[in-house]
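Spelled out from the first residue to the last, the chains are:
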Amino acid sequence: MITRLLANIAVADTAHAETWYRRLLERAPDTRPMPGLAEWHLTDTFGIQIWEDPDRAGYSTVVVEENDLDAAALRLTDAGINHGQPQPGGGARILQLADPDGNTIVFTGA
């Protein structure tokens, strides 16, 4: 039985990417289990990892459900993270952005 999921995002340089993901997730990583890896545990069963893999950097996509997309857009703007505004998509609304390596982060919600 699967009990936990960590979405993995390949980045060119973990230290550089960590600065951006700290702003995105509003905190430092919860753990750094090994060199080149940082993890944010968003709940007991879900989290995000950034993994240093320059050959794969920029090809990851993560979709995260957000309960207030408009508030998320304002928070991201305040954090200096560029994004498009919430727009219709997939039967709900989406807010798309890219990390410094070009990985796609999609927030979805009502």
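All values reported here derive from a predicted model rather than from experimental measurement.

### Examining the sheet that holds strand 5 (residues 61-65)
Piece 1. Taken in spatial order, the four strands line up as 5-8-7-6 in an open sheet, and their pairing is mixed. Single-partner strands in this sheet number two, and they are strand 5 and strand 6 (87-89). Ignoring which end each strand starts from, the neighbouring axes of this sheet average 40° apart.
Piece 2. Pairing of strand 7 (residues 92-98) with strand 8 (residues 104-109) involves six bridges; the strand directions are antiparallel. Each residue of the ladder has a partner; that of Ile94, found in strand 8, is Thr108.
Piece 3. Contacting strand 7 and strand 8, helix 2 (residues 69-78) crosses the sheet at an angle of about 15° to strand 7.

### Concerning helix 1 (residues 14-25)
Piece 1. Here helix 1 spans 15 Å end to end across 12 residues, near enough to the 16 Å set by a 1.5 Å rise per residue.
Piece 2. The distance from a side-chain oxygen at the start of helix 1 to the backbone nitrogen of Ala15 is 3.3 Å, and the residue carrying that oxygen is Asp13.
Piece 3. Downstream of helix 1 by a residue or two, Glu26 has a phi angle that is positive, lying close to 60°.

### Section: the confidence of the model for the chain
Piece 1. Here the chain averages 95 in pLDDT, and 100% of its residues register 70 or above.
Piece 2. Mean pLDDT in the chain bottoms out at strand 6, which sits at 89, and peaks at strand 3 (residues 37-41), which reaches 98.

### Overview of the pattern of salt bridges
Piece 1. Under the defined criterion, the tally for this structure stands at six salt bridges.
Piece 2. A salt bridge links Glu26 to Arg75; the nearest nitrogen and oxygen atoms lie 3.5 Å apart. Taken as a pair, Glu26 in the loop between helix 1 and strand 2 (31-34) and Arg75 in helix 2 lie far apart in primary sequence, 49 residues in all.
Piece 3. Accessibility expressed as a relative area gives 21% for Arg75, which makes it partly exposed.
Piece 4. We note a salt bridge from Arg27 to Asp30, for which the minimum N-O separation is 2.7 Å.
Piece 5. According to the relative accessible area criterion, Asp30 is partly exposed, its value standing at 39%.
Piece 6. Each member of the salt-bridge network shares a partner with another, and the members are Glu18, Arg22 and Arg32.

Cut-offs applied
Residues numbered from 1 in each chain as written. Predicted model: local features only at pLDDT ≥ 70, side-chain atom pairs only at ≥ 80, totals over all residues. Heavy atoms only, no water. Pairing = 2+ DSSP bridges. Helix = DSSP H or I, 4+ residues; strand = E, 2+ residues; numbered from the N terminus. Axes fitted to C-alpha atoms, helices over the stretch in contact; angles between N-to-C directions. Contact = heavy atoms within 4.5 Å. Expected span 1.5 Å × (residues − 1). Polar contact = N/O pair within 3.5 Å; in protein donor to acceptor, adjacent residues only side chain to side chain. pLDDT = per-residue confidence, 0-100. Salt bridge = Lys/Arg side-chain N within 4 Å of Asp/Glu carboxyl O. Buried < 20%, exposed > 50% of the residue type's maximum accessible area, 1.4 Å probe, protein only.

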